[in-house]
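# Breakdown of the fold
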Amino acid sequence: MAERTDSGTRLDPWVDAYATRARGMTASEIRALFSVASRPEVVSLAGGMPFVQALPLEALAETAARLVRERGAQVLQYGSGQGDVTLRGQILDVMSEVGITAHPDDVVVTTGSQMALDLVTRIFCDPGDVVFVEAPSYVGALGVFRAYECDIVHVPMDEEGLVPEALAEAIAQARAAGKKPKMIYTIPSFQNPAGVTQGPERRHRVLEVAKREGLLLLEDDPYGLLGFDGPPPRAIRADDDEQVIYLGSFSKTIASGLRVGWAVAPHGVREKLVLAAESAVLCPSNYAQLTVSEYLATQPWREQVKVFREVYRERRDALLESLEQLMPAGTRWTHPAGGFYSWVTLPEGLDSKAMLPRAIAALVAYVPGTGFYVDGQGHESLRLSYCYPEPDRIREGVRRLAGVIEGELDLAATFGTGRVLRDAEGPEGPAPNIL
Amino acid sequence: MQVMVLAGGLSAERDVSLRSGRRVAEALRTARPDWEVVERDVDAGLLTALADDPPDCVIPLLHGAAGEDGAVRDVMDCLGLPYVGTRPNACRLAFDKAVAKTLVRRAGVATPDWVALPHATFRELGAPGVMAALDRGLGFPLVVKPTRGGSALGVSVVHSREELPSGMVGAFAYGDVAMLERFVTGTEIAVGVIEMADGPVALPAVEIVPDGGLYDYAARYTAGTTQFYVPARLDAAVAQAAAEAAVTVHQVLGLRDWSRSDLIVADDGTVNFLEVNVAPGMTETSLVPQELAASGIDMGEQMAVLVERATARV
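Please read all numbers here as calculations on a predicted model, not as lab measurements.

## Side note on the overall build of chain A
The helix and strand tally for chain A stands at 13 helices and 14 strands. Since a compact globule built from 435 residues should have a radius of gyration of about 22 Å, the 22 Å found for chain A is in line with a globular shape. Looking at chain A as a whole, 50% of its 435 residues qualify as buried. Considering only intrachain contacts with a sequence separation of at least 6, the fraction spanning at least 24 residues in chain A is 76%.

So, in structure tokens, the structure goes:
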């Protein structure tokens, strides 16, 4: 029951009790529009849901049933805060694909790598500490950094990702302003949302900046095994086990619903991560961990990753081909060599956020570029994901989107600008279960 | 009694509609435990479901187009299904804000001056010239909004000619015709109207004081961001005038069962009509539920009475 006083009601008796950091947690027009995207009539190029239908579901069902039947007392019990030791060993095998060698004790299993992001930020960042992120960056990471009241600084990227010179300059500027730089957050392979990948030389130079400046390098690598051309890119962590904390995930290579990810960190950091994990969730789900462990032990998981690669490659091709055929002049986009996303830059004067209602009315969804920034950038851009819809649906979605952009160009020709800055600026994407 | 609550749809207000639908369905189940109350989205399977197992009554709680423009109700009429709320033709009059304002003003209720223009007019006549004419005819500040739609989607307050292009583009994002309405400062209120046995009755007005000054989407659906007063802090005479205005709107537009008028009481006490809703929001932060509670009326009980009225009409 809402409180009712002489001064009226706010329909929430706790309104004055919330922490300052909860201030930005409000209903949003954009999130409301995303709720329409889950309808089957809408071609959603918005969400980042992996295509789990490609998994051997029967085998997974058998694995899950067998676990409860034969090891129920273990899988349904609490586990270690650091994660199951067998799985940690298997994770080393997975990480060998990106060149990482480590010891099982270096690994902390988490509830998705999102939790690892949270834990790392929790143990390193005081309010006001500066975190350097790519421009644009993963909305979920921005949300975590904001929750811990970090000062988030976007650093420009080019077609090879994070620009080391710009990173060094941003760090220098922060120091000159009396701020406290703490961490560099990067997704070097098939970046979300931009779809770009750092080459070996670029990775080396980014690492050099981190070392020179004495900053932690947080390497987020959920898409590393999902490259379409050649072997997976070598992780930055493969060349440095002191400066880098590596975050990995089974969400894209097995199943996002299992929520199993991990962090690999130097000894001292790892000890704190385990303590922080225990205070946050006690332990990651034993059931989910052992399902993953059994899957890795009994299924040809490398072959399954190849299946995923082919599924996503076909969809990437469908997206790029239809963009090439249909997009109005002045539209540009990135050509991802792996992962889930392409980053589209609209013709001059158009605003992706203002355009979203028209897109939803035309039954196509995307994520406006503003969602991947905390500083108001991104109006001219949008993220398209090709991971979930079938190729024909992707083509239809691009056709609809092209029509929407044509309509916006017509509006821009009339009024000169499409910019509408009504919503609070900030990271804003669809809920994880939105297509 | 089998009741189907229709909620969701494809409009930008889908999320709000789903929340309204869930709340009304739950309230009905509590008030009438022996009724079968189902919640249903509007999709390609709906008509088959209605044909296979027709409910005794439908409650359309679809917000936005198709829900409030009468289209789905037309289909209900064709199928001979009773439903709670206004008939299709009256929905069309109410849903188009410019049409509703014309009829309401004709009935003697004040409403701020307005102009409704499609994008094509700006394109054909040239936006600078049209905007200059608007400046001369209406002046600033103005409220710019889509003529059709709710939840303040696409609505902005424009203070100068320089801000107008952004406001227009924001409104055109939600529809092909935008309404520019003279901004009136005063007390923002809403008044629900429920048809009782002897005619439409106004519920107590709810006064809306959003923290940021603008009752936009976030202010509407984030608990804690808006201060509400029920009944509104109005002089008795003004409160009476607001109640009469809401009932007049309900009657002159030919609305049925229930409605909610959004009004603004100018500083001189004049009650101005802004728009009316034929499927009022019924979420946790919506206005009609607050008015019902302030009147001591149980929401589920009231909805059950409306259902019984609807089924008795057949």
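## Quick look at the overall build of chain B
Of regular secondary structure, chain B possesses twelve helices and 13 strands. Relative to a compact globule of 314 residues, whose C-alpha radius of gyration would be 20 Å, chain B shows 19 Å and is just as compact. The dimensions of chain B, computed from C-alpha atoms along their principal axes, are 60 × 45 × 35 Å. A burial count over chain B gives 54% of its 314 residues as buried. Once local pairs closer than 6 in sequence are excluded, the contacts in chain B between residues at least 24 apart make up 67%.

## A closer look at the domain arrangement of chain A
All names here are of chain A. With domains assigned, chain A is organised as domain 1 (25-54 + 304-415) and domain 2 (58-298). Domain 1 and domain 2 are separated by 26 Å when their C-alpha centres are compared. The partner domain 2 presents 27 residues to the 27 residues of domain 1 that form the contact. Counting only elements with at least two residues in the side of domain 1 that touches domain 2, the list comes to helix H11 (301-326) and strand S11 (341-345). A total of six residues in the side of domain 1 that touches domain 2 trace back to one element, the largest contributor, which is H11. Residues belonging to the side of domain 1 that touches domain 2 are distributed by class as follows: 14 nonpolar, eight polar and five charged.

## As for the interface of chain A and chain B
Of the residues lining the interface, 30 residues belong to chain A; the matching set on chain B comes to 34 residues. Broken down by secondary-structure element, the contributors of at least two residues to the side of chain A that touches chain B are helix H1 (29-37), helix H12 (352-361) and helix H13 (391-415) of chain A. Partitioning the side of chain A that touches chain B into residue classes produces 13 nonpolar, nine polar and eight charged.

## Overview of the sheet that holds strand S13 (residues 367-368) of chain A
All names here are of chain A. Read across the open sheet, the four strands follow the order S10-S11-S14-S13; overall the sheet is antiparallel. Every other strand in the sheet has two partners, leaving strand S10 (332-333) and S13 as the edge strands with one partner each. By the bridge criterion, five bridges tie S11 to strand S14 (residues 381-385) in an arrangement that is antiparallel. Its bridge partner being in S14, Tyr341 is matched across the sheet by Ser385.

## Observations regarding helix H9 (residues 267-281) of chain A
Counting along an α-helix, one turn takes 3.6 residues, and residues three or four places apart therefore face a common direction. All names here are of chain A. Taking 1.5 Å per residue as the helical rise, H9 with its 15 residues ought to reach 21 Å, and the 21 Å between its terminal C-alpha atoms agrees with that figure. Buried residues of H9: Val269, Leu273 and Ala277, and no others. Down the axis of H9, the buried set is contained in an arc of 75°. They therefore lie on one face. Within H9, the exposed residues directed more than 90 degrees away from the buried face are His267, Gly268 and Ser279.

## Regarding the nonpolar core
In this structure, Phe132, Ile245, Ala263 and Ala365 of chain A are the most contacted members of the largest nonpolar core, which totals 146 residues. Excluding its chain neighbours within four sequence positions, the residues that come into contact with Ala365 of chain A are Phe34, Ala37, Val42, Ser44, Leu45, Ala46, Ala359 and Ile360 of chain A. If you look at the next biggest cluster of nonpolar residues, it comprises 70 residues, including Tyr83, Val104, Leu255 and Leu287 of chain B.

## Digging into the packing of H11 of chain A against H13 of chain A
Residue and element names in this part refer to chain A. Taken N-terminus to C-terminus, the directions of H11 and H13 make an angle of 30°; their axes are 9 Å apart at the nearest point. Relative to H13, the element H11 lies roughly parallel. As for the relative orientation of H11 and H13, their crossing is right-handed in sense. For the pair formed by H11 and H13, the contact residues are Glu314, Arg315, Ala318, Leu319, Ser322, Leu323 and Leu326 on the first element and Pro391, Ile394, Arg395, Val398, Arg399 and Ala402 on the second.

## Regarding the confidence of the model for chain A
Here chain A averages 93 in pLDDT, while 95% of its residues score no lower than 70. Within the model, the stretch residues 1-5 of chain A combines pLDDT values under 50 with seven contacts to residues more than four positions away or in other chains.

## As for the packing of helix H2 (residues 57-75) of chain A against helix H10 (residues 286-298) of chain A
Residue and element names in this part refer to chain A. Put simply, H2 and H10 touch, their axes get as near as 10 Å, and they point 125° apart. On the basis of the axis angle, H2 is oblique to H10. Here the hand of the crossing between H2 and H10 comes out right-handed. Contacts between H2 and H10 pair Leu60, Thr63, Ala64, Leu67, Gln74 and Val75 from the former with Asn286, Tyr287, Leu290, Thr291, Glu294, Tyr295 and Thr298 from the latter. Taken together, the residues of the contact of H2 with H10 sort by class into seven nonpolar, five polar and one charged.

## Brief notes about the sheet that holds strand S1 (residues 2-6) of chain B
All names here are of chain B. Taken in spatial order, the three strands line up as S2-S1-S3 in an open sheet, and their pairing is parallel. A single partner strand is all that each edge strand has here, and the edge strands are strand S2 (36-40) and strand S3 (57-60). Taking each pair of neighbouring strands and ignoring which way they run, the sheet shows an average axis angle of 20°. Two elements, S1 and S2, share five bridges in a ladder whose sense is parallel. Looking at S2, one finds that Val5 is bridged to Glu39. Strands S1, S2 and S3 of the sheet are contacted by helix H1 (residues 14-31), whose axis makes an angle of about 175° with S2. Strand contacts of helix H12 (residues 299-313): S1 and S3, with the helix running at about 125° to S3, the strand carrying the most contacts.

## Quick word on unusual backbone geometry
Cis geometry is adopted by the peptide bond preceding Pro193 of chain A, which originates at Asn192 of chain A and carries an omega value of 15°. For Pro193 of chain A, the position within the fold is in the loop between strand S6 (180-186) and helix H7 (200-213). The linkage connecting Val230 of chain B with the following residue, Pro231 of chain B, adopts the cis geometry, with an omega of 0°. Following the sequence through the fold, Pro231 of chain B ends up in the loop between strand S11 (226-229) and helix H10 (236-252). For Arg259 of chain A, which is not a glycine, the phi torsion comes out positive at approximately 55°. By secondary structure assignment, the location of Arg259 of chain A is in the loop between helix H8 (251-255) and strand S9 (261-264). A positive phi angle, near 65°, is found at Leu282 of chain A, a position not held by glycine. As for its placement among the helices and strands, Leu282 of chain A is situated in the loop between H9 and H10.

About the thresholds
- Residues numbered from 1 in each chain as written.
- Chains lettered and ligands numbered in written order.
- Predicted model: local features only at pLDDT ≥ 70, side-chain atom pairs only at ≥ 80, totals over all residues.
- Helix = DSSP H or I, 4+ residues; strand = E, 2+ residues; numbered from the N terminus.
- Rg over C-alpha atoms; globule rule 2.2 N^0.38 Å.
- Buried ≥ 20, exposed ≤ 12 C-beta atoms within 10 Å, placed from the backbone.
- Contact = placed C-beta atoms within 7 Å.
- Domains from an automatic or database assignment.
- Nonpolar A, V, L, I, M, F, W, Y, C, P; charged D, E, K, R; others polar.
- Pairing = 2+ DSSP bridges.
- Expected span 1.5 Å × (residues − 1).
- Arc of directions from axis to C-beta.
- Core = buried A, V, L, I, M, F, W, Y, C linked by C-beta atoms within 7 Å.
- Axes fitted to C-alpha atoms, helices over the stretch in contact; angles between N-to-C directions.
- Parallel < 35°, antiparallel > 145°, perpendicular 65-115°, else oblique.
- Left-handed = near helix turned anticlockwise from the far one by under 90°.
- pLDDT = per-residue confidence, 0-100.

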